[in-house]
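The lines below spell out each chain.
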2 protein chains.
Amino acid sequence: MDSMPLDAPMKPLDPHAIAGDSQAILEFLAEYYRDVDKYPVRAADLEPGRVRKLLPEAAPEHGEPMEHILEDVRRDILPGLTHWQSPRFFAFFPMNASSAGLAGEMLSVGLNVVPFVWAASPAAAELESVVVDWMARLFSLPRRFLFSGGGGGVLQGSTCEAVVCTLAAARDRALGRLGGHEAIARLVVYASDQTHATFQKGAQLVGIPSSNFRVIRTSAASGYGLTAEAVRAAVGLGLVPLYLCATVGTTGLGAVDHVRELGEEARRHGMWVHLDAAYAGSAAICPEFQDYLDGAELADSVSMNPHKWFLTNMDCCCLWVARPRDLTSALSTDPEYLKNVGADDGGAGNPAAIDYKDWQISMSRRFRAIKLWVILRRYGAAGMRAHIRRHVAAAKWFEQRVAADERFEVVVPRRFSLVCFRLAPRFGRDDDDGDDATNHANRDLLAAVNASGRAFMTHFVVDGKFVIRLAVGGASTELQHVMEVWDLLQGKAAEVLQHYVKPNGL
Amino acid sequence: MDSMPLDAPMKPLDPHAIAGDSQAILEFLAEYYRDVDKYPVRAADLEPGRVRKLLPEAAPEHGEPMEHILEDVRRDILPGLTHWQSPRFFAFFPMNASSAGLAGEMLSVGLNVVPFVWAASPAAAELESVVVDWMARLFSLPRRFLFSGGGGGVLQGSTCEAVVCTLAAARDRALGRLGGHEAIARLVVYASDQTHATFQKGAQLVGIPSSNFRVIRTSAASGYGLTAEAVRAAVGLGLVPLYLCATVGTTGLGAVDHVRELGEEARRHGMWVHLDAAYAGSAAICPEFQDYLDGAELADSVSMNPHKWFLTNMDCCCLWVARPRDLTSALSTDPEYLKNVGADDGGAGNPAAIDYKDWQISMSRRFRAIKLWVILRRYGAAGMRAHIRRHVAAAKWFEQRVAADERFEVVVPRRFSLVCFRLAPRFGRDDDDGDDATNHANRDLLAAVNASGRAFMTHFVVDGKFVIRLAVGGASTELQHVMEVWDLLQGKAAEVLQHYVKPNGL
C-alpha cells in the first residue's frame, strides 16, 4: 500500500492491490460505525466553501498510499458530513445501509459487469428479473406486475427515473393515438399537493408544459390523501388527461392516496396510473400494511425504493409495469454496434432474455440485482419484517407520548413510521392553527433540537401549520434512540416555551 | 456470520456484521480476480432462461450465511456472466474497475450519505465541485467549465443522463424565447450517423419529435467525423436548430468530430453544442491527445465517463456546463420539505453551496465524488497517463500487425486505443468493399474468436463493411493479451479463409 514508484507497472486489479486498498476501507468503516453515534448528526459547521478551501486546486501528480487519503477523509471530510446512518437521523426519509447492502454493492462493483443487454451478461439480466419478481411477491403486488403475469420489473436508481420512463411511455402511447406531436401541449398530468416534487420535475423533463401540471388540493378530511372526487372535479374539458401519480406514504405527512378509487376514476379518463410507494412500500412486506396497496391492480406502474427503508444502500428503485411493451416502445434503441449481441443469440423478443437498456433512461447500467438479492438472502423475509416492525413500534411509542403531553399535538395520524407533530397552540387562538407564534415556537424547537447534534429532524408545512417530522427508519435506530429524542424534545420545548409564554401566564 | 436466530435483534450496521459480510466478499473478489483470466470471456451458455430456472421463485423466509450466498454466486451466477474485467475483454468500450475504484465505492456506499442539497452533507457537495474542477484541469478543458470560470461540473451516472439534462436546458431556453409550448414540435437536434444511440434516446425522452432528429451522414473523407459543411447543408428552413452533439471518439470507429468548426457553425444558428467525449476524453489527460478537444470553448457542455477508461468502477459521468443557470432553470424544484435546509443556512444562491439535485435528473444521489477523488489521489495524474499510454501503445502494436498482414486491413486509422479492422476483400471484387463474401468471412472470424472464450470483441458496420473492433482498455489488459489475441485471430483467420478461398485458388 505504499506510494507506487514511478516506474512500477500499474496493476489496478491485482488481488493484492484489491485486498490492500479494500482492507484499509473496511477498517475505516468499522471505526466509523463504532463512532457514528458520537458525531453531531448534522454537519455542525455549515459555512459554505469551508471544505473546498481545505483541498488543493488540482489533482496530485503522483499516487499516494490509501492511509494518507483516509487521514484526509477523517480530518477534512467527516466533520462536514451529515451522518445519514446515525441512529439519531430522523430527517427526510431514512436512506438505509446495512452490512449485507455494503457486501452486495461490493459484489456488484467488484464484478463490474454491465447488463445493458441480456447477452452482455445473461446471468445478471436474469437475476434482475428474478429479484424484482421476488420483491413483487413479498409485497403481494398483483400478478400482472410479475413476468409470469405478463408484466415485469426493473431496478433503477430513483423514483424520478421511474417517473420519467413511465411518463414517456404514457406520452408516446397518447401521441400515437392523437396523431401529431403538437398534441403534447394538450397532455395533462395530475398529482396532489402532497405528491413528491420529483413528479413535477419528471413531467417537465419529458416535455409536458408546466401549465398542464395539475396539483389537486388535499385536506385533513381525507388525511391528506387524494380522492377520486377531487380528481373528477379537476379533470378539465378540451385537454387530454394523461397520467395520475398516486402515492402511498407521502413525503411530507406519510399520507395515503385512495388507490382503488383513483384507479377506477383514472380508467374512465384513459389515464396512466403510477403508484409511488417509494418509502411506505417497504412496509407492505408485513401483511398488516398490505391493505394500503389495495387497488394496485388498477395501476399501470408501481415503484418503491429499497434504498429508503429496506436495508439497501444507495441506490435502488424497483419499477414494475403491467405492459412492458409500453415502456420499451418509448425507450428502445437498436444501433448497429449492439446487433452482434441480443438478436443473434436468440435474445430479442424472448421474455427470458431482457435487454434492460430499453427499460430505463440510460444505456449503461450497474449490476444492482446482485445487491438486492444478497440482502434478501442474508436477512430473509422474516428479518425484513422484523426490521420494519421495530421502527413502526418505536414510532407508535413516540406518537403516544406526544398525544399524552398537553404541550404537544399529533398533526396527522401516523400510518407507518413517520410521526408528524408540533407544539400545540397555546395563546388562546386555537381556531388559528397556523398562527405565527405557534409556528415560530415550533421552528425554534426544531432548530434547537437539530443544533444539539443529538438528533436531526426536518419539517413540513400543511394548512399553514409548521409541522415537525420524526421519520423513524435508520438501520441502527432502536426504540432507545427514539426515547432519547423524546427526552431531548421535552427539554428543548421547556426552553422554547419560556420565550413564548405571555407575561400573564396564559 | 451464521444464520441469524429468529429472535436475535438485527444489527445491520454493527461493525462486526460489516467486517464479517465484507470480508467474505473480499475473499471472493480476490479469488475472482486470480481466476478471471481462465473463464471464457463471454458467457459460454447463452440459452435464455437458464439462470432464472436455477433460482427459487420466492425470496427465502429466513436469513442465510454469506458463505451460502457466495456458493450460489460461484455455481449459478459466475458461469452466466460475461467478464467485463477479463484482460481479454475487447468489446464495446472498456468499463474499467480498479482496486482504488472499488475502495472509493466502498467508502461512498459505506458512508451512504445523500448530498442532494448542499446542506444534506456539505462536505460531499463541496468535494464534488472540487473533483470535477480537478478533472477539468487534468483534461485542460477551457476555463469556462470550471467553477472559478463561471461554469461548473457534476457527477452523473451516464452520458444519457447528461444528454437529457442538457437537452432539457437547451429546450427550455429555446421555448422561453419562442413563446408557446407548441414550438417544441419545431425544435431540431443534429447528430452524425456515428453519434451514440443514447443521443436519439435522450432527444425522444425530452419530447423532441423523432422526425426532428436529424442524422447527418459522415464519410471516409473526414475519417467519419462530422464537419461544419455537412451541418450547414443539413440545417433547414422554418424549423429551429436547437442542439448539436459533437463526439470525440465515436463508439463504432473512434472517429472525431471537428469540434472547433462545428462550434463556430452551431453558434451561427444559436444551437447548444454538447461535446461527448465519453470514452476518448480520458486520453486528454495526456498532452499528445489534447488537440482533439481544440475548440471545446465553443461548446455549451462537455461530458466524459471515468467509468469507461479512467479506472473508475461503474458508474460515473462528468458533465460540465458553461452556464449552470441554464441547467438549474430546467431542473430545479423547491418543495417545502427542503426549505429547512439550504436557504436558511445560507446555501441558496451561494456558488460554494451547490444543491446538486438541480444539476441532474433525480433528486436523490450517491456520493460519487469520493470514489473519483480516491482514484485520483491513489493513482495520481502520472499513474493515469501511464494507464492510458499503455493501452494506446498496445493498440498501436496491433494496428501495425494488421497493416503488415496482407490478409487483413485497417478500416479507419486508429486515433486512441480502438482498432477497426477486417479481413480484406479477396475475391477480385476490391471495388465492392461491402461485398457479401468478405462480410461473411469477417462475421465468421469474429464469431470464431468469441466462441473460443479467449477474447471478446464486437463489430460495427460502416459503408456496408462489417468491421471488427478491438477496443483495448481493460484495467488489467497488457500488451501480452493483445499479442495473444493477434495470434488467436491469425489462427482463426486461416480456418475461416479455407472456406472462402475459391477452388481456383484466387
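Predicted, not measured: the structure shown is a model, and the values here were computed from it. (Residues numbered from 1 in each chain as written. Chains lettered and ligands numbered in written order. Predicted model: local features only at pLDDT ≥ 70, side-chain atom pairs only at ≥ 80, totals over all residues. Heavy atoms only, no water.)

Visitor: Any chance you could break down the domain arrangement of chain A for me, citing the residues and the numbers?
Guide: All names here are of chain A. For chain A, the assigned domains are domain 1 (1-80), domain 2 (114-366) and domain 3 (381-500). Summarising the inter-unit geometry, the C-alpha centres of domain 2 and domain 3 are found 32 Å apart. Facing 27 residues of domain 2, the contacting portion of domain 3 comprises 21 residues. The junction of domain 2 with domain 3 conceals about 2200 Å² of combined surface from both sides, 68% of it contributed by carbon and sulfur atoms. Looking at the side of domain 2 facing domain 3, the largest losses of area belong to Leu253, Trp309 and Leu311, adding up to 30% of the total buried there. One salt bridge connects aspartate 463 with arginine 217, and the closest N-O pair in it is separated by 3.4 Å. At the surface where domain 2 touches domain 3, the tally comes to 9 residue pairs in polar contact (both at pLDDT 80 or more). Split into classes, the residues belonging to the side of domain 2 that touches domain 3 amount to 17 nonpolar, 8 polar and 2 charged. (Domains from an automatic or database assignment. Contact = heavy atoms within 4.5 Å. Buried area = accessible area lost by both parts, 1.4 Å probe. Salt bridge = Lys/Arg side-chain N within 4 Å of Asp/Glu carboxyl O. Polar contact = N/O pair within 3.5 Å; in protein donor to acceptor, adjacent residues only side chain to side chain. Nonpolar A, V, L, I, M, F, W, Y, C, P; charged D, E, K, R; others polar.)

Visitor: Talk me through the UniProt feature "modified residue: N6-(pyridoxal phosphate)lysine" (unreviewed entry) in chain A; I want residue IDs and the actual numbers.
Guide: Here the UniProt feature "modified residue: N6-(pyridoxal phosphate)lysine" (unreviewed entry) sits at Lys308 of chain A. Tracing the backbone through its elements, the reader meets lysine 308 of chain A in helix α10 (residues 306-309). (UniProt positions renumbered as here; feature names shortened; annotations may be inferred. Helix = DSSP H or I, 4+ residues; strand = E, 2+ residues; numbered from the N terminus.)

Visitor: Now, about the packing of aromatic side chains: what can you tell me, with residues and values included?
Guide: Counted under the stated rule, the structure contains 50 aromatic pairs over all chains. Between phenylalanine 398 of chain A and phenylalanine 421 of chain A, the aromatic rings sit 5.2 Å apart at their centres with planes inclined by 70°, giving edge-to-face as the arrangement. Placement of phenylalanine 398 of chain A in helix α12 (residues 368-404) and of phenylalanine 421 of chain A in strand β9 (residues 418-423) is noted, with a sequence separation of 23 residues between them. Centre to centre, the rings of phenylalanine 139 of chain B and phenylalanine 310 of chain B are 5.6 Å apart; their planes meet at 65°, and the pair counts as edge-to-face. Taken together, the positions of phenylalanine 139 of chain B in the loop between α5 (122-138) and β1 (152-156) and phenylalanine 310 of chain B in the loop between α10 (306-309) and β7 (317-321) put the pair 171 residues apart, joining distant regions of the chain. Residue phenylalanine 310 of chain B is classed as buried on the basis of its relative accessible area of 0%. Each residue in the set Phe93, Tyr279, Phe289, Tyr292, Trp309 and Phe416 of chain A is aromatic and connected to the rest through ring pairs, giving one cluster. When the ring centre of phenylalanine 93 of chain A is taken as reference, the NZ or CZ atom of arginine 469 of chain A above it lies at 5.2 Å. The lysine or arginine in question, arginine 323 of chain B, covers the ring of tryptophan 272 of chain B, its NZ or CZ lying 5.6 Å from the ring centre. (Phe/Tyr/Trp six-rings, centres within 6.5 Å; stacked < 30°, edge-to-face > 60°. Buried < 20%, exposed > 50% of the residue type's maximum accessible area, 1.4 Å probe, protein only. Lys NZ or Arg CZ within 6 Å of the ring centre and 35° of its normal.)

Visitor: Now, about the pattern of salt bridges: what can you tell me, with residues and values included?
Guide: A complete count under the given rule lists 70 salt bridges over all chains for this structure. Put simply, aspartate 172 of chain A and arginine 171 of chain A hold a salt bridge, and the shortest N to O gap is 2.9 Å. On the basis of relative accessible area, aspartate 172 of chain A is assigned to the partly exposed category, the value being 27%. Of the charged contacts in the structure, one is a salt bridge between aspartate 21 of chain B and arginine 378 of chain A, with a shortest N-O distance of 2.9 Å. Here aspartate 21 of chain B is found in helix α1 (residues 15-35), whereas its partner arginine 378 of chain A is found in helix α12 on a different chain.

Visitor: Can you tell me about the side chain of serine 362 of chain A, naming the residues and giving the values?
Guide: Mapped onto the elements, serine 362 of chain A comes out in the loop between α11 (324-331) and α12. A distance of 2.5 Å separates the side chain of serine 362 of chain A from the side chain of serine 158 of chain B, its partner in a polar contact. Not counting the four nearest positions on each side in its chain, serine 362 of chain A is found in contact with Lys357 of chain A together with Ser158, Cys160, Glu161 and Lys201 of chain B.

Visitor: Talk me through the interface of chain A and chain B; I want residue IDs and the actual numbers.
Guide: Contact with chain A, which involves 166 residues of that partner, is made by 166 residues of chain B. The interface formed by chain A and chain B contains 14 salt bridges. For glutamate 64 of chain B, the salt bridge identified is with arginine 377 of chain A, shortest N-O distance 2.7 Å. At the junction of chain A with chain B, the criterion picks out 71 residue pairs in polar contact (both at pLDDT 80 or more). For the side of chain A that touches chain B, the class distribution of residues is 93 nonpolar, 38 polar and 35 charged.

Visitor: Lay out unusual backbone geometry in plain terms, naming residues and giving numbers.
Guide: Residue and element names in this part refer to chain A. Cis geometry is found at the peptide bond from methionine 314 to aspartate 315, where omega equals -10°. The phi dihedral of leucine 311 falls on the positive side, at around 60°, and the residue is not glycine. Within the secondary structure, leucine 311 is located in the loop between α10 and β7 (317-321).

Visitor: Which residues make up the packing of helix α1 (residues 15-35) of chain A against helix α3 (residues 66-77) of chain A, and what values go with them?
Guide: Residues and elements named next belong to chain A. Between α1 and α3, the shortest axis-to-axis distance is 10 Å and the interhelical angle comes to 25°. Considered as vectors, α1 and α3 are oriented roughly parallel to each other. The chirality of how α1 crosses α3 is right-handed. Contacts from Asp21, Ala24, Ile25, Phe28 and Glu31 in α1 reach Met66, Leu70, Val73 and Arg74 in α3. Grouping the constituent residues of the contact of α1 with α3 by class yields 6 nonpolar, no polar and 3 charged. (Axes fitted to C-alpha atoms, helices over the stretch in contact; angles between N-to-C directions. Parallel < 35°, antiparallel > 145°, perpendicular 65-115°, else oblique. Left-handed = near helix turned anticlockwise from the far one by under 90°.)

Visitor: Describe the sheet that holds β7 of chain A, and please don't skip the residues or the numbers.
Guide: Paired through backbone hydrogen bonds, the strands of a sheet run either parallel or antiparallel to each other. Residues and elements named next belong to chain A. Read from one edge of the open sheet, 7 strands run β1-β7-β6-β5-β4-β2-β3, paired in mixed fashion. Because the sheet does not close on itself, it has two edges, and the strands there are β1 (152-156) and β3 (213-216). Taking each pair of neighbouring strands and ignoring which way they run, the sheet shows an average axis angle of 20°. Bridge count for strand β2 (residues 187-192) against β3 is 4 bridges, and the pairing is parallel. When the sheet's bridge partners are listed, valine 189 is paired in β3 with phenylalanine 213. (Pairing = 2+ DSSP bridges.)

Visitor: So, the pairing of strand β4 (residues 240-247) of chain B: which residues are in play, and what are the values?
Guide: All names here are of chain B. Most of β4 sits inside the fold, with 8 of its 8 residues counted as buried. Looking at chain direction, strand β2 (residues 187-192) and β4 are connected through 4 bridges and run parallel. Across the sheet, the residue bridging to leucine 187 is valine 240, located in β4. Read as a crossover between parallel neighbours, the route from β4 over helix α9 (residues 259-268) to strand β5 (residues 272-276) is right-handed. (Right-handed = clockwise from strand over helix to strand, strands pointing away.)

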